[in-house]
Amino acid sequence: MNATAAADASVVGAALGCVPSRGRGRSYVVGRVAQMVPTLFLILLTAFVLLQLAPGDMVQVLAGEAGGGSPEYLASLRQSFGLDQPLYMQFLLYIQNVLSGNLGFSFRNNATVTALIGARLGPTLLLAAAGLTVAVVLGVAGGALAAARRGRAADRVIGVVALLIYATPGFLLGIGLMLIFSVALRWLPVGGFVDPYGVDGAWAHALSVARHLVLPAITLGALHAAIYARFTRGAMLEVYGQDHVRTARSKGLSAQRITLRHVLRNALLPLVTVIGMQTGALLGGAILVETVFAWPGLGRLAFEAMQQRDYNLLAGLILCSGTLVVFVNLAVDLLYAVLDPRVRLQ
Amino acid sequence: MRTLIPAIAWRSLLLSIAAITLQAPVQAQTPVRGGTLVVVSNPGEPAVLTAAFNQQGAVAAISTKIFDGLLHFGENFKLEPELATNWDVSKDGKEIRFRLRPNVKWHDGKPFTSADVKFSFEEVWLKVHPRARSTFAAVEAIETPDPLTVVLKLRNPSGVILSALNSAESQIVPKHLYEGTDIVRNPWNAKPVGTGPFRFKEWVRGDRIVLERNPDYWDAGKPYLDQVVYRIIPDATARYAAFETGSVQYGVLSPISVNDLERAQKNKNLQVDFHGYEWLASRNVLEFNVRKPPFNDVRVRRAVAHAIDLAAMSKVTTRGFAKPGTSPVLSTQTRFFTTDLPTYPFDVKQADKLLDEAGFPRKGDGTRLAVTLDWLPFGENYLRYAEFIKQSLRRVGIDVTIRGQDLPQFMRRVYSQNDFDFIVTHIAGFGDPQIGTDRLLWSKTILKDVPWSNGAGYSNPAMDGLIEAAHEAPTEERRIELYKKVQRLAQTDLPSFTLLENRMYTVASARLRGLSKGSDGSYESLKNVWLAP
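Residues numbered from 1 in each chain as written. Chains lettered and ligands numbered in written order. Predicted model: local features only at pLDDT ≥ 70, side-chain atom pairs only at ≥ 80, totals over all residues. Heavy atoms only, no water.

A few points about the overall build of chain A
Right, on to step 1. Helix and strand content of chain A: 14 helices and two strands.
Right, on to step 2. Seen through its C-alpha atoms, chain A measures out along the principal axes to roughly 85 × 55 × 40 Å.
Right, on to step 3. By the burial criterion, 48% of the 346 residues in chain A qualify as buried.
Right, on to step 4. Looking at chain A as shown, the accessible area adds up to about 16,100 Å², and 67% of this sits on carbon and sulfur atoms. (Helix = DSSP H or I, 4+ residues; strand = E, 2+ residues; numbered from the N terminus. Buried < 20%, exposed > 50% of the residue type's maximum accessible area, 1.4 Å probe, protein only. Areas by Shrake-Rupley, 256 points an atom, 1.4 Å probe, with all protein chains shown as cover.)

A word on the sheet that holds strand 15 (residues 369-375) of chain B
Residues and elements named next belong to chain B.
Right, on to step 1. Taken in spatial order, the six strands line up as 14-18-13-17-15-16 in an open sheet, and their pairing is mixed. One side of each edge strand has no neighbouring strand; the edge strands of this open sheet are strand 14 (323-324) and strand 16 (398-403).
Right, on to step 2. As paired elements, strand 14 and strand 18 (residues 496-501) share two bridges and run antiparallel to each other. Residue pairing in the sheet places Lys323 in a bridge with Glu501 of strand 18.
Right, on to step 3. Sheet contacts for helix 9 (residues 310-318): strand 14 and strand 18; angle to strand 18, the most-contacted strand, approximately 50 degrees. (Pairing = 2+ DSSP bridges. Contact = heavy atoms within 4.5 Å. Axes fitted to C-alpha atoms, helices over the stretch in contact; angles between N-to-C directions.)

Observations concerning the pairing of strand 10 (residues 227-231) of chain B
Sheet faces and side chains relate simply in a regular strand, where the side chains alternate between the two faces.
Residues and elements named next belong to chain B.
Right, on to step 1. Extensive coverage of strand 10 is indicated by the burial of five of its five residues.
Right, on to step 2. Taking every second residue as pointing to the same face, both faces of strand 10 are buried, with Gln227, Val229 and Arg231 on one and Val228 and Tyr230 on the other.
Right, on to step 3. Relative to strand 10, strand 1 (residues 36-40) runs parallel, the two sharing five bridges. Residue pairing across strands places Val40 opposite Arg231, the latter belonging to strand 10.
Right, on to step 4. As paired elements, strand 9 (residues 208-213) and strand 10 share five bridges and run antiparallel to each other. Bridge pairing links Arg208 to Arg231 in strand 10.

Remarks on a positive patch on the surface
All names here are of chain A.
Right, on to step 1. A cluster of basic residues, Lys251, Arg257, Arg261 and Arg265, forms a positive patch on the protein surface.
Right, on to step 2. Tracing the backbone through its elements, the reader meets Lys251 in the loop between helix 10 (243-250) and helix 11 (255-277).
Right, on to step 3. Assessed through its relative accessible area of 60%, Lys251 is described here as exposed. (Patch = residues over 30% accessible without salt bridge, like charges linked within 9 Å, V, L, I, M, F, W, Y side chains within 5 Å. Salt bridge = Lys/Arg side-chain N within 4 Å of Asp/Glu carboxyl O. Lys, Arg positive; Asp, Glu negative; His and termini not counted. Charge placed at Lys NZ, Arg CZ, Asp CG, Glu CD.)

Some points on the environment of Leu83(A)
Residue and element names in this part refer to chain A.
Right, on to step 1. Considering the arrangement of structural elements, one finds Leu83 in the loop between helix 4 (71-81) and helix 5 (87-99).
Right, on to step 2. Between the alpha carbons of Leu83 and Leu282 there is a distance of 33 Å; along the sequence they are 199 residues apart.
Right, on to step 3. If we ignore the near neighbours within four places in the chain, the residues touching Leu83 are Asp57, Met58, Val59, Arg78, Gln90 and Tyr311.

Considering the sheet that holds strand 4 (residues 84-89) of chain B
Residues and elements named next belong to chain B.
Right, on to step 1. Ordered by their spatial adjacency, four strands build an open sheet running 4-5-7-6, and the pairing between neighbours is antiparallel. Single-partner strands in this sheet number two, and they are strand 4 and strand 6 (139-146). In this sheet, neighbouring strand axes are inclined to one another by 15 degrees on average, regardless of whether the strands run parallel or antiparallel.
Right, on to step 2. Its contacts with the sheet place helix 3 (residues 114-128) against strand 5 (95-100), strand 6 and strand 7 (149-154), and it is angled at close to 165 degrees to strand 6.

Here is the structure:
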């Protein structure tokens, strides 16, 4: 695994090399941000076309949920939503709105898309960050332990546990944890973001959110931890066989120091890339976790928007999550240069 | 510090156990003031918080706590006063005069008057309510001689109007906040101002909606609860877990899956109630596309009806909770319901005979014909119904392919493109056959693109004659008589037939007292509800 390939893999539609030249960090970031614009435009265009291919429209869903309607009622809704316009006009109007910072209005939710996404972004980022932390800590620790104890009992146990978790569907894992820790033991709340009442003050609020966060974060994190553990183990075993590790051993360094400083640090580089590439998967996996634990995040919002053919909201969500993924990839590339001084940004 | 949190948790656990054991022997009967009721919002999160133009179940369930109706329904559809203290129907049936309750205030302090009723009627219901145009078709003019009187002038007598003036179906919005605005996009739809026992406090999208006691409610001393918090819990298992742990105490419209229902009934901390759904009159229906073969032949439709054992279907798909259907009007709609109708008892031989007569003899492999059944994507239940029907029809040689899709595609297939053979779907009765039954049978309800209209494409001049006569019937007796004839013809022609009368259920904590037993009790205002300590 070398740095160039890793960096390439994590870039959306852009070619990057590792040409030695230092101190160009800022112009690199500016360049990368500029490259995002056509990427996001393409994401948006694709999403718009795909959404229009889905049969049925929002007005019908609204009338369906309402238990009926008259043709005049449907026609007036369609007109007021702009759905009677030709498709290219709808797209042009949309782009025009987006450029002026307006993501449109969600008729289904009777609120602006910006407000809806804004309210959900925080919980999603919190869940994703907590899930990622769980995944990285458990995954790296488990993988490192397995690699250090290669072939012994600990290695086998970690391997089997990782496989089991990986093979369990996310919602099943979530429901299982809920039944144990919420219903049977009553240690943690069943779901939601914060206790519905009786929470006074910032500390109580934070504590309540934290209690609600535990199970969803573990559910989301465990699935990825299983992947990271396997990955870390493999990467570390590869590094164990390299010359500098043999050198370190022959210098008489302790096994612990070799594992942490000489092996793990090198093995982390490809892992960072994998984590970056899996951001999308993490956000996608959050849909199930958010549904099981009633977590008010973007994933559930997107799922509902799709079910309701709420095009403006969906387009806004796609734009938002697209931006998130692109930024995470940029962050991964920057992190790469920090972790490995040999990597140069250009 | 480390042990503090578990200690508190344990103590509150012990306290709540103590509370339950203490409360059990002596059941307090005097209402207790105070407390927060946590409710699960079902089905799902509402789009807005006024049912004046949005008739989703979740919208109606929550907004009826914030808004009063002109009247509401007691047991067995008895009309009871709410914002209207009384109403008189003139002798010729062409005028309905409402006297409004004095000194009622909107939550923002402005007085509630007849102008609000007139505005809601003309600008909201008639323009953006999905059903009001047809419900109120007989209304020629609405007059407000003084701030507390509303007079409806009718072209012809119409029995349906009083069945549609509860707050779930015809919600009155404040004129001063809606006049001159785009009603559907009015920001007050999401932070409503009503006259009801609870006023809106906050809505955290995706998480909760909080209502608080209206201190100026016209029914002095009520409501008893301080707060009502609606939580959004999308997963059915999680919803049952929330009831079991007591973190949710109330939910309407079958808030848990039927698989958890028996467990809930056995749990002594929970109560399950089937009252309050008579007005909604929910039923599962098999609807045929009568425009094309094979279901353009009434003998094939009758054969299908004979081939399905509805009692077994109820047992298998709903654990016996639903009641086998007999008519497009439900047995709970007692005024209009009749048993004097053609029936289709489970009879495989009769079905075989009808299919032979219709020209579909058994082929070498035992099948006669192949059709596709689309199920309404309102949850797994409908797939179960479809599977049961597939099994039933296989016995008489009808090979059924089950087709699933999401709701928008189902709507388009059935109501826009009519590209289906038959569907298993859901129909709500909404208190009156004129609202809930006509739309499947009247040729004027063959409406392209309109969900829950006459998707079957059934058109029969005799049926149209009966329905139109019922709309203008001079007396309620005559209207009832005509609707019994409508049922008879519907059961003869069988463009659709009721498989099961759903028994929807409310799940509540055993501590919750004072729930309404009225016909629209599932959409009650909760003003009489209190939490026993």
